[in-house]
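Fold and contact review
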Amino acid sequence: GLELSHCVGANALCPAVPWRSGGPCKMKRVRTVFKPEQLERLEQEFLKQQYMVGTERVDLAATLHLTETQVKVWFQNRRIKWRKQSMEQKAAKLSQFRVIQPATADSTDIKDHEEDTVDVEL
C-alpha cells in the first residue's frame, strides 16, 4: 500500500504527521513498486479505456491487491505518458514532413504550388 517512511527533518522526535506542511517534520511516502503481473494487467486495461472509474477501479484494485488510490494514480500517470508519446509522434511526423518540403522557394513558386498543397492528417 501507500507506505510512509520514518520522520525526516531537523527534529526527528516530533510526531509523525503525513503530508503536514509548514512543520520541520514531514513523512516521506515510499514509491509503490508494481509487480510485472500487475503492470501487465494495468496496461491491458489502459488499452481498453484510458479512464478507470467507480466500481471498475475498485474491482481492478481488489483483483491486483492494490489500493484504489494506487490504481487511480497509475492511470493518471499512464495518461500523461500516453499524451507525451502522442505529442512526440506528432512532432516527429511534422518534422519528417518539413524535411520533404523544399527548404527555399521564392514567392512565385509558392503561389504556383498553393493549389498542390496536401493536408497531412496527424
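So, a few notes on the structure that sits alongside this text. Remember, it's a predicted structure, so these values are computed and weren't measured experimentally.

The subject of this paragraph is the overall build of the chain. For the chain, the count of helices and strands is 4 helices and 2 strands. Listing each helix as α and each strand as β along the chain from the N terminus yields β-β-α-α-α-α.

Another aspect to go through is the pattern of salt bridges. For the structure on display, the rule yields 4 salt bridges. A salt bridge links arginine 78 to glutamate 43; the nearest nitrogen and oxygen atoms lie 3.0 Å apart. In this pair, arginine 78 sits in helix H3 (residues 68-100) while glutamate 43 sits in helix H1 (residues 36-48), placing the two residues 35 residues apart along the sequence. Of the charged contacts, one joins arginine 57 and glutamate 68 as a salt bridge, the two residues approaching to 3.2 Å between their closest N and O atoms. Of the two residues, arginine 57 sits in helix H2 (residues 54-64) while glutamate 68 sits in helix H3, which places them 11 residues apart along the sequence. Residue arginine 57 is classed as buried on the basis of its relative accessible area of 15%. Among the charged side chains, a network of salt bridges with common partners joins Arg41, Glu45 and Lys48.

Within the fold, glutamine 70 resides in helix H3. Within the structure, the side chain of glutamine 70 is placed 3.2 Å from the side chain of threonine 32, a separation counted as a polar contact.

Take the nonpolar core next. Proteins that are soluble and globular tend to have nonpolar side chains buried together. Ranked by size, the top nonpolar core spans 10 residues in total: Leu42, Phe46, Met52, Leu60, Ala61, Leu64, Leu66, Val71, Trp74 and Phe75. Of all the secondary-structure elements, those providing two or more residues to this core are H1, H2 and H3.

Rules and cut-offs
Residues numbered from 1 in each chain as written. Predicted model: local features only at pLDDT ≥ 70, side-chain atom pairs only at ≥ 80, totals over all residues. Heavy atoms only, no water. Helix = DSSP H or I, 4+ residues; strand = E, 2+ residues; numbered from the N terminus. Salt bridge = Lys/Arg side-chain N within 4 Å of Asp/Glu carboxyl O. Buried < 20%, exposed > 50% of the residue type's maximum accessible area, 1.4 Å probe, protein only. Polar contact = N/O pair within 3.5 Å; in protein donor to acceptor, adjacent residues only side chain to side chain. Core = buried A, V, L, I, M, F, W, Y, C linked by side-chain atoms within 4.5 Å.

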